Protein chains: 2
Amino acid sequence: MNEYTERVRRLQEQLRHKRIDGCMITQNVDLYYFTGSMQTGYLFVPSAGEALFLVRRSVVRAQSESAVKAEPLGSFRSMGERLAGAYRSLFGEAASSGRKLRLAAEFDVLPVQQLQRLEAVLPAVEWVDGSMIIRELRMIKSAAELACIREAARVIDLAFEDAAQAIRPGITELELMSRIELFVRREGHLGMMRMRGYNQEVITGMVGAGDAAATPTYFDGPAGGLGLSAASPQSASRRPIQANEPILIDIGCCIDGYIIDQTRTAVIGSLTDDLVRAYEVSERIIRSVEARLLPGTVCEQLYMHSLQLAHDAGLSDHFMGYGDDQVKFLGHGIGLEIDELPVLAKGFSYPLQPGMVIAIEPKFTFPQRGVVGIENSYAITGNGYEKLTVTREGLIRL
Amino acid sequence: MNEYTERVRRLQEQLRHKRIDGCMITQNVDLYYFTGSMQTGYLFVPSAGEALFLVRRSVVRAQSESAVKAEPLGSFRSMGERLAGAYRSLFGEAASSGRKLRLAAEFDVLPVQQLQRLEAVLPAVEWVDGSMIIRELRMIKSAAELACIREAARVIDLAFEDAAQAIRPGITELELMSRIELFVRREGHLGMMRMRGYNQEVITGMVGAGDAAATPTYFDGPAGGLGLSAASPQSASRRPIQANEPILIDIGCCIDGYIIDQTRTAVIGSLTDDLVRAYEVSERIIRSVEARLLPGTVCEQLYMHSLQLAHDAGLSDHFMGYGDDQVKFLGHGIGLEIDELPVLAKGFSYPLQPGMVIAIEPKFTFPQRGVVGIENSYAITGNGYEKLTVTREGLIRL
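Residues numbered from 1 in each chain as written. Chains lettered and ligands numbered in written order. Predicted model: local features only at pLDDT ≥ 70, side-chain atom pairs only at ≥ 80, totals over all residues. Heavy atoms only, no water.

- The name an unreviewed UniProt entry assigns to chain A is Aminopeptidase P family protein, from the organism Paenibacillus piri.

Right, here's the structure in full:
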């Protein structure tokens, strides 16, 4: 059984467990996860039996890539009859018992118009939200997925070292970011990091120095950055980097679909004692969290633990953003998207499991002065963790 | 009255015309269009009276950017009461007459979960699709918007000339694309071009040569490209560019939020006569379409006209993709997103109007051999058009 078939099988297991008759997958990343192809169309996964990928475009390409049987969609309007014909027992059983089929779709990303189109061609269906089922399956990475993330980690490390030797007073955040992007792009970076959240965008992370880094933004992370304009209000700006201010280098890349995410703090010259100390607290937090990265540890507890350590250091107000602009998490799953499960935050009761991959990013924001912190990505193993990030740690003095 | 206030006023005019009581705007690009800020939150536009931007994050940044009154969202759960309090006559009139308020949202991009959250806090509302209202308003650009697009056109022209002098046998599509991306990024490119369509992604366009360019993809354009892997199945690949094959350079950038889109065809050495002729037909089509770019011309007619010209040249099978992978349009609106209205396609009965900005891209695909064509972006004026693209035309021999 190949990897994709196994993923479909696990999805079916969950569908049956939740008494859902099938799942209609349409989002590009989820399509890739279950079929190996990112061509557009409708992947129908019945709760039992063979899945069918009805491809809108490109059929020929999907047929060469997909591990799931791929056929031309043809007329969208006849998709209901098509599926009823292909899954006679499933559709027939529901029809004869007078109940609606319960089908799941990705309500977290599926636009309302797309659901309405599905409702029109499959009228005897009760649509339910299947996004958590899919996200929870994707939360546990296979050996092949881990290998992809290690490769991305290797590339971002080289990009970081290349960038570090280019930092000098006067280089703008944008120039530095451009250099990093050129480096990772030539190594096969997609050009951006896919993100599931509504309205969220991330290209290659952010490079921010001093007050620019500490500028709050909509972006769902502890450090957003000034950005280029109100139309691009995050990440690198045209501000020149100066001596004796913290330079936050929070970067990642997406190689062959898989994302790495890491942060280092650098300085030309030196930082004041309080910023150095805050950086040291971020390392202390990550070391203490590492010691708890074991199967069974509950995600929420890691967040609460980090809050306690920040509090003990007298830095609660600065932790993960400042004041009203704080974010309420310590880390997030990564994989095909940068905002995967699990989240290290309140309300996330998942126990850690082997195969989870989590970016952990304790950071401290000082308004008008900058952001310091560290971020590594980790894979949970049978007895602890593998640190995927390979870049040197410590406050990097240039 | 400033530009944003005027946009809100025009939206309100449309809401009243369609007997809709208000509009709840949440998508980042639409928020920017109506407020000048891309911070996250809920922009409520009543059919009459003052709009209110309830900001989730960052409030301080939204308040410094937004032309619309911006206040902290606070608790999402109390948003219903909050709006009922702020818009007493609107909500009260509906309640006292026993009818539901009709509110519009962007059903083309709004995820189902987001609509469900709105339904939960505003239960006495009938939600309707407002996406066409917003897209039609955004279709007509202001002088300030046109100035942004002209700036993007200036930058992409410089990037093109920089790339053209770097093309030599053996350079890979990815290396060439990376060089273009570095150039535009340093000039302020966002890092990608925003796209409204579900599952659609575009970074900086595509560079494709020979058979790689002719590889079909899911991407909703005439030439997709081979891409880097099944997880990145479009645009540039690692294939080296060779002599005597068509090199399609379909690139754009996003400067201060606004997009330009253009295509040129180049060759190292020479092309066979049939490809040269197909390129010439693409120029003939664009010249003939230009002659019809006048207020009042119906969009659909321009597409039908191009089909006829491709047919007359005996190139119907190759026009806008090949065979099953053809796309059914000649051009598309551009602005804050790359897939705006109008579309030059069947079913688009919009007459051209001053302020429309359209990328027109006649292209011919030859399987295993490559893609040739041209693309310019145009603004419709009072008596014709302004060609926004400034890059030299003709088959570019390197």
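### Considering the pairing of strand β13 (residues 363-366) of chain A
If a strand is regular, its side chains alternate between the two faces of the sheet.
Residues and elements named next belong to chain A.
Part 1: Burial along β13 is two-sided: the residues Lys 363 and Thr 365 and Phe 364 and Phe 366 are all buried.
Part 2: Taken together, the four bridges between β13 and strand β14 (residues 370-373) define a ladder with antiparallel strand orientation. When the bridges of β14 are listed, Phe 366 appears paired with Gly 370.
Part 3: Linkage of β13 to β14, two consecutive antiparallel strands, is achieved through a turn of three residues, within which Gln 368 is found at a positive phi near 65°. (Buried < 20%, exposed > 50% of the residue type's maximum accessible area, 1.4 Å probe, protein only. Helix = DSSP H or I, 4+ residues; strand = E, 2+ residues; numbered from the N terminus. Pairing = 2+ DSSP bridges.)

### Some points on the packing of helix α8 (residues 143-164) of chain B against helix α9 (residues 173-186) of chain B
All names here are of chain B.
Part 1: Across the interface, α8 lies against α9 with an axial gap of 9 Å and an inter-helix angle of 145°. Every pair of crossing elements has a handedness; the one defined by α8 and α9 is right-handed. Taking contact as the criterion, the partners of Val 155, Ile 156, Leu 158, Ala 159, Asp 162 and Ala 163 in α8 are, on α9, Leu 176, Arg 179, Ile 180, Phe 183 and Val 184. (Axes fitted to C-alpha atoms, helices over the stretch in contact; angles between N-to-C directions. Left-handed = near helix turned anticlockwise from the far one by under 90°. Contact = heavy atoms within 4.5 Å.)

### Some thoughts on the sheet that holds strand β16 (residues 385-387) of chain B
Residue and element names in this part refer to chain B.
Part 1: One open sheet holds the five strands; their spatial order is β11-β10-β12-β15-β16, and the pairing between them is antiparallel. Two strands in the sheet have a free side with no partner beyond their single neighbour: β11 (340-345) and β16. Taking each pair of neighbouring strands and ignoring which way they run, the sheet shows an average axis angle of 25°.
Part 2: Looking at chain direction, strand β12 (residues 357-360) and strand β15 (residues 376-380) are connected through four bridges and run antiparallel. Looking across to β15, one finds that Ala 359 is bridged to Ser 377.

### Examining the state of the cysteines
Residues and elements named next belong to chain B.
Part 1: Counted according to the given criterion, the structure contains zero disulfides over all chains.
Part 2: Unpaired in this structure, Cys 254 has its nearest cysteine sulfur neighbour in Cys 253, at a distance of 7.8 Å.
Part 3: Owing to a relative accessible area of 1%, Cys 254 belongs among the buried residues under this scheme. (Disulfide = S-S within 2.5 Å.)

### Here's the deal with the UniProt feature "domain: Creatinase N-terminal" (unreviewed entry) in chain A
Part 1: UniProt marks residues 7-140 of chain A with the feature "domain: Creatinase N-terminal" (unreviewed entry), using the numbering shown here.
Part 2: Measuring from the first to the last C-alpha atom of residues 7-140 of chain A gives 11 Å, for a span that is 47% helix and 22% strand. (UniProt positions renumbered as here; feature names shortened; annotations may be inferred.)

### A word on the sheet that holds strand β16 (residues 385-387) of chain A
Residue and element names in this part refer to chain A.
Part 1: Read across the sheet, five strands follow the order β11-β10-β12-β15-β16 without closing on themselves; strand pairing throughout is antiparallel. With partners counted over all chains shown, the strands left at the sheet margins are β11 (340-345) and β16, one partner each. Across the sheet, the mean angle separating the axes of adjacent strands is 25° when strand polarity is ignored.
Part 2: In the packing of helix α7 (residues 131-139) onto the sheet, the strands contacted are β11 and β12 (357-360), and the crossing angle to β11 comes to about 85°.

### Regarding the relation of the copies chain B and chain A
Both copies of the chain are placed relative to one another by a rotation about an axis and a shift along it.
Part 1: For the pair chain B and chain A, the best superposition has an RMSD of 0.0 Å and corresponds to a rotation of 180° with a translation of 0.0 Å parallel to the axis. Read as a symmetry element, the transformation amounts to a two-fold axis. The position closest to the rotation axis in chain B is occupied by the C-alpha of Pro 111 of chain B, lying 2.1 Å away.
Part 2: A share of 100% of the interface residues of chain B reappears at the interface of chain A, consistent with the copies meeting face to face through the same patch. (Least-squares fit on C-alpha atoms with pLDDT ≥ 70 in both.)

### A word on the pattern of salt bridges
Part 1: Taken as a whole and judged by the stated rule, the model has 68 salt bridges over all chains.
Part 2: Among the salt bridges present, the one from Arg 196 of chain A reaches Asp 30 of chain A, with a minimum N-O distance of 2.9 Å. With Arg 196 of chain A in the loop between α9 (173-186) and β7 (205-209) and Asp 30 of chain A in helix α2 (residues 28-35), this residue pair connects regions lying 166 residues apart in the sequence.
Part 3: For Arg 196 of chain A, a relative accessible area of 6% gives the class buried.
Part 4: For the salt bridge of Arg 102 of chain B with Glu 126 of chain B, the shortest nitrogen-to-oxygen distance reads 3.6 Å. Within this pair, whereas Arg 102 of chain B is found in strand β5 (residues 101-105), its partner Glu 126 of chain B is found in strand β6 (residues 125-129), the two being separated by 24 residues in sequence. (Salt bridge = Lys/Arg side-chain N within 4 Å of Asp/Glu carboxyl O.)

### Side note on the interface of chain B and chain A
Part 1: Contacts between chain B and chain A engage 69 residues on the former and 69 residues on the latter.
Part 2: On the chain B side of the interface with chain A, the three residues burying the most area are Arg 57, Arg 185 and Tyr 198 of chain B, jointly 14% of the side's total.
Part 3: For the pair chain B and chain A, the number of links is six salt bridges.
Part 4: Between Arg 185 of chain A and Glu 181 of chain B there is a salt bridge, with its nearest N and O atoms 2.6 Å apart.
Part 5: When residues of the side of chain B that touches chain A are traced back to their parent elements, those giving at least two are α2 (28-35), α3 (59-65), α6 (112-121) and α9 of chain B.
Part 6: Tallying contributions element by element places α9 of chain B first for the side of chain B that touches chain A, with eight residues.
Part 7: Looking at the side of chain B that touches chain A, its residues break down into 26 nonpolar, 26 polar and 17 charged. (Buried area = accessible area lost by both parts, 1.4 Å probe. Nonpolar A, V, L, I, M, F, W, Y, C, P; charged D, E, K, R; others polar.)

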